[in-house]
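Structure at a glance
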Amino acid sequence: MKKCAVYIRVSTDKEEQKKSLIHQKELFMNLLAQKGWDLYKIYVDVETGTKSNKRPKLQEMIQDAQEGKFDLILAKELSRLARNGRLSYEIKDLAEHNGIDIITLDGAINTLSGNTHLFGLYAWMYEQESQRTSERIKHVLRVKARKGEFKGSVAPYGYCVENKKLKIRNDYTPDVVRRIFRSYIAGKGFDRIARELTEERIPTPGEVAGKANASRVWHGSTIRKILENPHYTGDLVQQRETTISVTSNHRKKLDPSDYIIIENAHEAIISKEEFMLVQQLIKERQRKRPHAKIHLFTNIAFCADCGKSMHFKANRKGYVCGNYNKHGHTICSDHFVREDELINVITNDIRQLFSLLSVEEFQKNIEQKVTKILERDKKKLSKINDKIEALKQEKINALRMKVNGELSEEEYQLLIEDNNQQLAKLMREQRELNEILTHQKNINFKELMAQLEQFIQAPKLDEEILHKLIERIEIKEDGSPRIFYRFSNSYISSIF
């Protein structure tokens, strides 16, 4: 939730200015209620606007901003904050350096949406024309993007540009891209993949593009950039980032809803399913902070009791709980399982799963259970949505009482803190339920059977097939596994 500082300046303390003060407070209160933002403090100066040293509340707000006490500054218009160029620059720099946004109610300034071209009304006179030129260029690029034209200066590795369209190169580079995706699915990290490509002297993207200063060394960041590039699925995805302002070299990533996407604009190197699997794996491995990949079940096998990853012990030819391995019996037991036994159990389990799913009646039984659980989760989600709306209304009421003086600063902050904690918990549950519902709707038995049949025909459990079929394995205290299959987001396991 954004915490907002409201700055109000009135020229005098005459009666008409007092009415203006009340009116401005009402305007800000309506905006905060509409956006669902929290009020940190209202700073009111009764002074002229040309010099900051005569405005104690402005100085107080600047000090609070430097200490990171709020996220957003609201003012009626730019002139209420500053009328001279120097001060406007100071406030702009202050906001940028402390990660604080600025919005004026007249629409002139809104750094949340990138609207800063009128900031520093007089000092930025020449910049305004540059900004308009920049916007015209961006508009032209957006039009080209919507036509499906690739507007980048360098094509993604594995592609070239012909007639403003991406085309797969007729050389080894598309196979390198496919190898990178397969290697990551098999459990290799960014740096390990990069090291292997460097050792094999495979030309880097810079070298292929003919850059004068191209490095011969592959880096993990380059591998990640390739793995996260949606162009490899055949979709043209542009406008993913933009410059912060015409005076800044810094760029910021745009919200995915602002991307310009042309589906199937060119030939794909990687399937959409494989690409989405890699994105999911990237998120999971960030969250799990895995150890270096060494053995088959590293990063996928976990202790069923404490949740720690299982560590391979060469002298025992198997895996033990990470907590036990580090701290002994005081934290957890060993949960030991031999690697060959785990491979046999999983291989047999997949064979049995394939056999069961081959029976039409069994599929119908699962589909019925899916429908029941789907309806249950929809009702639960509806209740959560109602609670969220009630808490949002409670915030609006508290804000109104605060502005009207019916709540003290301390009472308001306590109420909002409690409200935000409840909202955060409910919104987390809402997000998790939405993800579960999406997975439940997307159970694809045809795709599932194809993956299982691929394994049945060549029943060798290697890293690639393991990570394609299985999301997580939990080892119980007696060494037996609990298997969570990736294609169902652990759902098939719960049905069994």
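As shown above, the structure is provided for reference.
Basis of the calculations
Numbers given for residues are sequential positions, taken from 1 along each chain in its written order. Where totals are concerned, whole chains, interfaces and linings use all residues; where local detail is concerned, this predicted model gives features only for residues with pLDDT of at least 70, and gives and counts side-chain atom pairs only at 80 or more. Excluding hydrogens and water, the side-chain values take into account all heavy atoms of the structure. At least two bridges found by DSSP between two strands is the condition for calling them paired. Note on conventions: DSSP H or I runs of at least 4 residues are helices, E runs of at least 2 residues are strands, and numbering of each starts at the N terminus. Lines fitted to C-alpha atoms define the axes here, with helix axes fitted over just the stretch in contact, and angles between the N-to-C directions of these axes take values from 0 to 180 degrees. The set of buried Ala, Val, Leu, Ile, Met, Phe, Trp, Tyr and Cys residues whose side-chain atoms join them within 4.5 Å is what this entry labels a nonpolar core. Whether a residue is buried, partly exposed or exposed follows from its accessible area with a 1.4 Å probe, protein chains only, as a fraction of its type maximum: under 20%, in between, or over 50%, in that order. Whether two residues touch is decided by their heavy atoms; if any such pair falls within 4.5 Å, the residues are in contact. Note on aromatic contacts: the rings of Phe and Tyr and the six-membered ring of Trp form a pair at centre separations within 6.5 Å, being stacked when their planes are under 30 degrees apart, edge-to-face when over 60 apart, and tilted otherwise. When two cysteine sulfur atoms are found within 2.5 Å, that pair is recorded as a disulfide.

On to the sheet that holds strand β11 (residues 301-303), then. Strand order across the open sheet formed by three strands is β11-β15-β16, with mixed pairing between neighbours. A single partner strand is all that each edge strand has here, and the edge strands are β11 and β16 (481-485). Direction aside, the axes of adjacent strands within the sheet are offset by 25° on average. The sheet contact formed by β11 and strand β15 (residues 470-475) spans three bridges and is parallel. Residue pairing in the sheet places F302 in a bridge with E474 of β15.

A word on the sheet that holds strand β12 (residues 310-313). Spatially, three strands are ordered β12-β13-β14 in an open sheet, and the strand pairing comes out antiparallel. Strand pairing shows two members of the sheet lacking a second neighbour, β12 and β14 (337-338), which therefore form its edges. With four bridges joining them, β12 and strand β13 (residues 318-321) adopt antiparallel strand pairing. Looking at the pairing, K313 lines up with G318 of β13.

Turning to the nonpolar core, a few remarks are in order. The biggest cluster of nonpolar side chains holds 30 residues, and the ones touching the most others in it are I180, F181, W218, I223, L227 and Y232. Within the residue set of this core, elements represented by two or more residues are β6 (165-168), α6 (173-185), α7 (190-199), α9 (220-227) and α10 (272-288). At six residues, α6 tops the list of elements feeding residues into this core. What W218 contacts, discounting residues up to four positions off in sequence, is Y157, V176, I180, A194, L197, T198, I202, P203, T204, P205, I223 and I226. L296, F455, L469 and I470 belong to the second largest nonpolar core, which has 24 residues in total.

For the coordinates displayed, the defined rule picks out nine aromatic pairs. Measuring from centroid to centroid gives 6.5 Å for Y43 and F70, while their planes differ by 65°, and the two rings are edge-to-face. Here Y43 is found in strand β2 (residues 38-46), whereas its partner F70 is found in the loop between α2 (56-66) and β3 (72-75), with 27 residues between them in sequence. In this structure Y43 comes out as buried when scored by relative accessible area, which is 0%. Here F70 falls in the buried class, since its relative accessible area comes to 3%.

This brings us to the state of the cysteines. The final tally for this structure, using the stated rule, is zero disulfides. With no disulfide partner, C306 has as its closest neighbouring cysteine sulfur the one in C321, 3.5 Å distant. By relative accessible area, C306 is classed as partly exposed at 31%.

This part takes up the side chain of D64. Relative to the helices and strands, D64 is located in helix α2. Classification of D64 by relative accessible area gives buried; the value is 7%.

Function cannot be read off these values alone, since they describe shape.
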